[in-house]
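# Analysis of the macromolecular model
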There are 2 protein chains.
Amino acid sequence: MIRVTKLADYGILLMTWLAWRKARPGGDELRRSAADLARETGLPAPTVSKLLRLLSRAELLEAQRGAQGGYQLTRDPAGITVANIIEAIEGPIALMDCLDDTAPDCDVQSLCPTRTNWDRINQAILTALSSISLEEMATPQRGWRERMSSALTPTVGETS
Amino acid sequence: MIRVTKLADYGILLMTWLAWRKARPGGDELRRSAADLARETGLPAPTVSKLLRLLSRAELLEAQRGAQGGYQLTRDPAGITVANIIEAIEGPIALMDCLDDTAPDCDVQSLCPTRTNWDRINQAILTALSSISLEEMATPQRGWRERMSSALTPTVGETS
DNA sequence: CCAATCCCGACCAAATCAGTACGGATTCCT
DNA sequence: AGGAATCCGTACTGATTTGGTCGGGATTGG
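Residues numbered from 1 in each chain as written. Chains lettered and ligands numbered in written order. Predicted model: local features only at pLDDT ≥ 70, side-chain atom pairs only at ≥ 80, totals over all residues. Heavy atoms only, no water.

## As for the packing of helix 1 (residues 6–23) of chain A against helix 4 (residues 82–90) of chain A
Residue and element names in this part refer to chain A. Running from N to C, helix 1 and helix 4 cross one another at 130 degrees; their axes reach a closest spacing of 9 Å. Comparing the axis directions of helix 1 and helix 4 gives the class oblique. Where helix 1 crosses over helix 4, the handedness of that crossing is right-handed. Residue-level contacts link Leu7, Ala8, Gly11, Ile12 and Met15 of helix 1 to Val82, Ile85, Ile86, Ile89 and Glu90 of helix 4. The residue makeup of the contact of helix 1 with helix 4, split by class, is eight nonpolar, one polar and one charged. (Axes fitted to C-alpha atoms, helices over the stretch in contact; angles between N-to-C directions. Helix = DSSP H or I, 4+ residues; strand = E, 2+ residues; numbered from the N terminus. Parallel < 35°, antiparallel > 145°, perpendicular 65-115°, else oblique. Left-handed = near helix turned anticlockwise from the far one by under 90°. Contact = heavy atoms within 4.5 Å. Nonpolar A, V, L, I, M, F, W, Y, C, P; charged D, E, K, R; others polar.)

This is the structure:
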């Protein structure tokens, strides 16, 4: 069901936590060590390390080495999208592999206008993911549900 | 990378094939057996059977048993969305499990406004998937991009 | 110089996925 | 009626991916 891996989930959790902390007025220290973050989020420490490294490599976080080191956000949370985070952790966003290279199963050319249309789906999802900023993730939602349901729900729901 | 399972991919392929065949003027037989479809698409027969069964159970296809039996679309391709198909094959669409029940890892309540916001992402993706009909998948793309951008981008929220 | 911290690669266990096999039920055709 | 074709369902297995671990090196601050 259009699964995002747990790693990406955790990554978003971490980033949200960082953004949230930054937004708080009492945010004394915005640079935090991997161990701190692991403790604060309750996630296993090595996994947190790995994630932070990936996020840092994608330049979403800035790493400071040595004693008293740690990670901190490079940009403003408003300038980081969920798509950015997922992409940083899981690589380029694509629903299928059939898109980029020669797939041997896909031998029936006649029905493969499908492939080009799959690209549309990918694009749609990418758009959706890019439209949600980290800032939004870090702030408790207000009346977003109304905006949502009015525009979105129509097609999928009915079982019959 | 927001992967859809190969089964769902195949499912969409099958449905697209069916829709395409139905749309053609020379579409003599719109009911086709699982074996036929397997041969025509080049997919392994048992897998095709399984998929067709799932799609039939979701009432996207109609099954006719016995000799000379087979499957055919229940509704018009325009009334079937990609979201429908994926949902039929992979169950309810949700990026994460953390949404519906008590997750033990999620013990840090303080940072869990994230969870409610995850729902937002799910909704966005569902919208994207629901906005693409099987009919569109079966026809070579024309001016679909306009519909896309108009239908998707505004609802979820501006980045700034 | 020492300790804390980030950094990196390789490795392992577990979950999930794709596919298979077999047996049963239903309908058509002879 | 009988047999063949077809859909239906469950259970099982092999392979891929994922989540997580471990150990050692590089870099900075005290």
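## Notes on the nonpolar core
Grouped together as the largest cluster of nonpolar side chains are 74 residues, with contacts concentrated most on Met15(A), Ile85(A), Met15(B) and Ile85(B). The residues touching Met15(A), leaving out its near neighbours within four places in the chain, are Leu55(A), Leu60(A), Leu61(A), Leu73(A), Ile80(A), Ile85(A) and Leu134(A). (Core = buried A, V, L, I, M, F, W, Y, C linked by side-chain atoms within 4.5 Å. Buried < 20%, exposed > 50% of the residue type's maximum accessible area, 1.4 Å probe, protein only.)

## Concerning the side chain of Gln72(B)
Within the secondary structure, Gln72(B) sits in strand 2 (residues 70–73). Side-chain polar atoms of Gln72(B) contact the side chain of Arg31(B), separated by 3.3 Å. (Polar contact = N/O pair within 3.5 Å; in protein donor to acceptor, adjacent residues only side chain to side chain.)

## Some points on helix 1 of chain A
Here helix 1 of chain A is 18 residues long and its end C-alpha atoms lie 25 Å apart, about the 26 Å a rise of 1.5 Å per residue gives. Taken together, the buried positions of helix 1 of chain A are occupied by Ala8(A), Asp9(A), Tyr10(A), Gly11(A), Ile12(A), Leu13(A), Leu14(A), Met15(A), Thr16(A), Trp17(A), Leu18(A) and Ala19(A). (Expected span 1.5 Å × (residues − 1).)

## Here's the deal with the protein's contact with DNA strand C
Taken together, 25 residues surround DNA strand C, and among them Ala34(A), Tyr71(A), Lys6(B), Leu7(B) and Arg65(B) come closest. Within the backbone of Gly66(A), a nitrogen or oxygen atom sits 3.4 Å from a sugar or linking oxygen of DNA strand C. Elements with a contribution of two residues or more to the surface near DNA strand C: helix 3 (45–57), strand 1 (61–64) and strand 2 (70–73) of chain A together with helix 1 (6–23) and helix 3 (45–57) of chain B. In terms of residue class, the surface near DNA strand C is made up of nine nonpolar, nine polar and seven charged. (Near = heavy atom within 4 Å.)

## Some thoughts on the packing of aromatic side chains
To describe a pair of aromatic rings, you give the distance between the ring centres and the angle between the ring planes. All names here are of chain A. Within this structure, the stated rule accounts for two aromatic pairs over all chains. Their ring planes at 45 degrees and their centres at 5.7 Å tell us that tryptophan 17 and tryptophan 20 sit as a pair that is tilted. Taken together, the residues tryptophan 17 and tryptophan 20, both in helix 1 and three residues apart, mark about one turn of the helix. Taking relative accessible area as the criterion, tryptophan 17 reaches 8% and is therefore assigned buried. (Phe/Tyr/Trp six-rings, centres within 6.5 Å; stacked < 30°, edge-to-face > 60°.)

## Details of helix 2 (residues 34–41) of chain A
Residue and element names in this part refer to chain A. All of the buried residues along helix 2 are Ala34, Leu37, Ala38, Glu40 and Thr41. Residues of helix 2 that are buried in the fold lie against helix 1, helix 3 and strand 2. Backbone geometry just after helix 2 places glycine 42 at a positive phi near 80 degrees.

## Section: the protein's contact with DNA strand D
Taken together, the neighbourhood of DNA strand D is formed by 25 residues, with Lys6(A), Leu7(A), Arg65(A), Ala34(B) and Tyr71(B) sitting nearest. The share of sugar and phosphate among atoms of DNA strand D within 4 Å of the protein is 78%. In this structure, a phosphate oxygen belonging to DNA strand D sits 2.3 Å away from a main-chain N or O atom of Lys6(A). Arg65(B) places a polar side-chain atom, nitrogen or oxygen, 3.3 Å from a sugar or linking oxygen of DNA strand D. Of all the secondary structure elements, the ones that give two or more residues to the surface near DNA strand D are helix 1 and helix 3 of chain A together with helix 3, strand 1 (61–64) and strand 2 of chain B. Of the residues in the surface near DNA strand D, the class split is nine nonpolar, nine polar and seven charged.

## Focus on the pattern of salt bridges
Using the criterion set out here, one finds six salt bridges over all chains in the structure. Residues Arg32(A) and Asp36(A) are paired through a salt bridge, measuring 3.7 Å at the closest nitrogen-oxygen approach. Here Arg39(B) and Asp36(B) are joined by a salt bridge, their closest N and O atoms 2.7 Å apart. Here Arg39(B) and its partner Asp36(B) are both found in helix 2 (residues 34–41), three residues apart, which amounts to about one turn of the helix. Overall, Arg39(B) belongs to the exposed group, its relative accessible area being 60%. The partly exposed category is assigned to Asp36(B), whose relative accessible area is 22%. (Salt bridge = Lys/Arg side-chain N within 4 Å of Asp/Glu carboxyl O.)

## Topic: the pairing of strand 1 of chain A
Residue and element names in this part refer to chain A. Note that strand 1 and strand 2 share four bridges and pair antiparallel. Note that in strand 2 the partner of glutamine 64 across the bridge is glycine 70. The antiparallel pairing of strand 1 with strand 2 creates a hairpin that spans five residues between the two strands, and glycine 66 there sits at a positive phi of about 75 degrees. (Pairing = 2+ DSSP bridges.)

## Considerations on the environment of Thr127(A)
Mapping Thr127(A) onto the fold places it in helix 5 (residues 113–130). Assessed through its relative accessible area of 27%, Thr127(A) is described here as partly exposed.

## Observations concerning the packing of helix 1 of chain B against helix 2 of chain B
Residues and elements named next belong to chain B. Contact geometry of helix 1 with helix 2 gives a least axis separation of 11 Å together with a crossing angle of 95 degrees. By the angle between their axes, helix 1 is roughly perpendicular relative to helix 2. Here Leu14, Trp17, Leu18 and Arg21 of helix 1 lie close against helix 2, whose contacting residues are Leu37, Glu40 and Thr41.

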